[in-house]
Amino acid sequence: MNLKLTGFKSVDRSIDLARLNLIIGHNGAGKSAIADAIRFLALGHVPALGKREQDTALLMNNGRLEVVLTLDDGRSATRTLERDADGYRSTVRASWIRGSRAEHDAAILKLFGSDAEDVAEALDIRELLSLSPAKRSARVEKMVGSGATDTLPARVARLHVARLLEQEPDQLPEKLSDAISVLPPSRSS
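What counts as what
Residues numbered from 1 in each chain as written. Predicted model: local features only at pLDDT ≥ 70, side-chain atom pairs only at ≥ 80, totals over all residues. Heavy atoms only, no water. Helix = DSSP H or I, 4+ residues; strand = E, 2+ residues; numbered from the N terminus. Buried < 20%, exposed > 50% of the residue type's maximum accessible area, 1.4 Å probe, protein only. Contact = heavy atoms within 4.5 Å. Areas by Shrake-Rupley, 256 points an atom, 1.4 Å probe, with all protein chains shown as cover. Pairing = 2+ DSSP bridges. Axes fitted to C-alpha atoms, helices over the stretch in contact; angles between N-to-C directions. Salt bridge = Lys/Arg side-chain N within 4 Å of Asp/Glu carboxyl O. Phe/Tyr/Trp six-rings, centres within 6.5 Å; stacked < 30°, edge-to-face > 60°. Lys NZ or Arg CZ within 6 Å of the ring centre and 35° of its normal.

**Student:** Can you explain the overall build of the protein? Please cite residues and give values.
**Tutor:** Regarding its fold elements, the protein presents 9 helices and 5 strands. Ordered by position from the N terminus, the helices and strands of the protein form the series β-β-α-α-β-β-β-α-α-α-α-α-α-α. Here the protein holds 189 residues, and 40% of them are scored as buried. For the protein, long-range pairs separated by at least 24 residues make up 42% of all intrachain contacts whose partners lie at least 6 apart in sequence. Carbon together with sulfur atoms contributes 51% to the accessible area of the protein, which is approximately 10,800 Å² in total.

Shown next, in the form of structure tokens:
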């Protein structure tokens, strides 16, 4: 996959991504820009900034930002935000969809998870950690119990449970709900 950022924060960039990525770098190297761009593409906003276009515009450089994710099979997902005379205008396009804006939004969201809440939590662990222990546990159980093991939320849940158990993810049982049951009470809530 390739992620291309134009007008996003201070530097335009293109980065090749794998299914799982570790992004490291010095302060100011652009790690947050990549994460914010993915959140913007998936959700249409960056949760930490707010849902309004003018909130997301704080990331804009020179009046226009664009994020394009090109998948390995050639499909692409694009989201833009532009400043115009009336304020801001956003567009969204999933190359494999012919339909309304809502259908394009839904198709892009589905690349990252089952719903906006799952995606926000999967793309920014702070969203999940900000929940009360009971709600966090319920969300992790929902992600794990969905039956889908190869979605972004399921992979994040697997890593989260492995961390809590101080194990490697591949050491966990296939059915992750079996691993949750062995968490010490102080860690499962």
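**Student:** I'd love a proper account of the pairing of strand 1 (residues 2-6), names of residues and values included.
**Tutor:** Where strand 1 meets strand 2 (residues 13-16), 4 bridges bridge the pair, whose relative direction is antiparallel. Bridge pairing links Asn2 to Asp16 in strand 2. Hairpin connection from strand 1 to strand 2: 6 residues lie between these consecutive antiparallel strands, with Gly7 at a positive phi of about 70°. The pairing of strand 1 with strand 3 (residues 64-70) spans 5 bridges and is antiparallel. In the sheet register, Leu3 faces strand 3, and the bridge partner there is Leu69.

**Student:** Outline the sheet that holds strand 2, listing residues and values.
**Tutor:** Here we have 5 strands laid out as an open sheet, ordered 2-1-3-4-5, and antiparallel in their pairing. Looking at strand neighbours, the two that pair on one side only are strand 2 and strand 5 (87-94), the edges of this open sheet. On average, each strand axis in the sheet is inclined to that of its neighbour by 10°, with strand direction left out of account. In this fold helix 1 (residues 31-43) packs onto strand 1, strand 2, strand 3 and strand 4 (76-84), with an angle of close to 95° to the strand it touches most, strand 4.

**Student:** Which residues make up the pattern of salt bridges, and what values go with them?
**Tutor:** Scanning the model with the defined rule gives 10 salt bridges in all. With a closest N to O distance of 3.5 Å, Glu66 and Arg64 form a salt bridge. Assessed through its relative accessible area of 18%, Glu66 is described here as buried. Arg101 serves as the salt-bridge partner of Asp105, at 3.7 Å between the closest nitrogen and oxygen. On the criterion of helical spacing, the pair formed by Asp105 and Arg101 is a turn pair, its members being 4 residues apart in helix 3 (residues 101-112). Take Asp105: its relative accessible area is 24%, and that puts it in the partly exposed class. Three or more residues are tied together by salt bridges with common partners; here these are Arg64, Glu66, Glu82, Asp84 and Arg89.

**Student:** Tell me about the packing of aromatic side chains, residues and numbers included.
**Tutor:** For the structure on display, the rule yields 1 aromatic pair. Ring centres of Phe8 and Phe40 lie 6.3 Å apart, and the angle between their planes is 45°; this geometry places the pair in the tilted category. Within this pair, whereas Phe8 is found in the loop between strand 1 and strand 2, its partner Phe40 is found in helix 1, the two being separated by 32 residues in sequence. Exposure class is identical for Phe8 and Phe40. Each is buried. Over the aromatic face of Trp96 sits the side chain of Arg75, whose NZ or CZ is 4.5 Å from the ring centroid.

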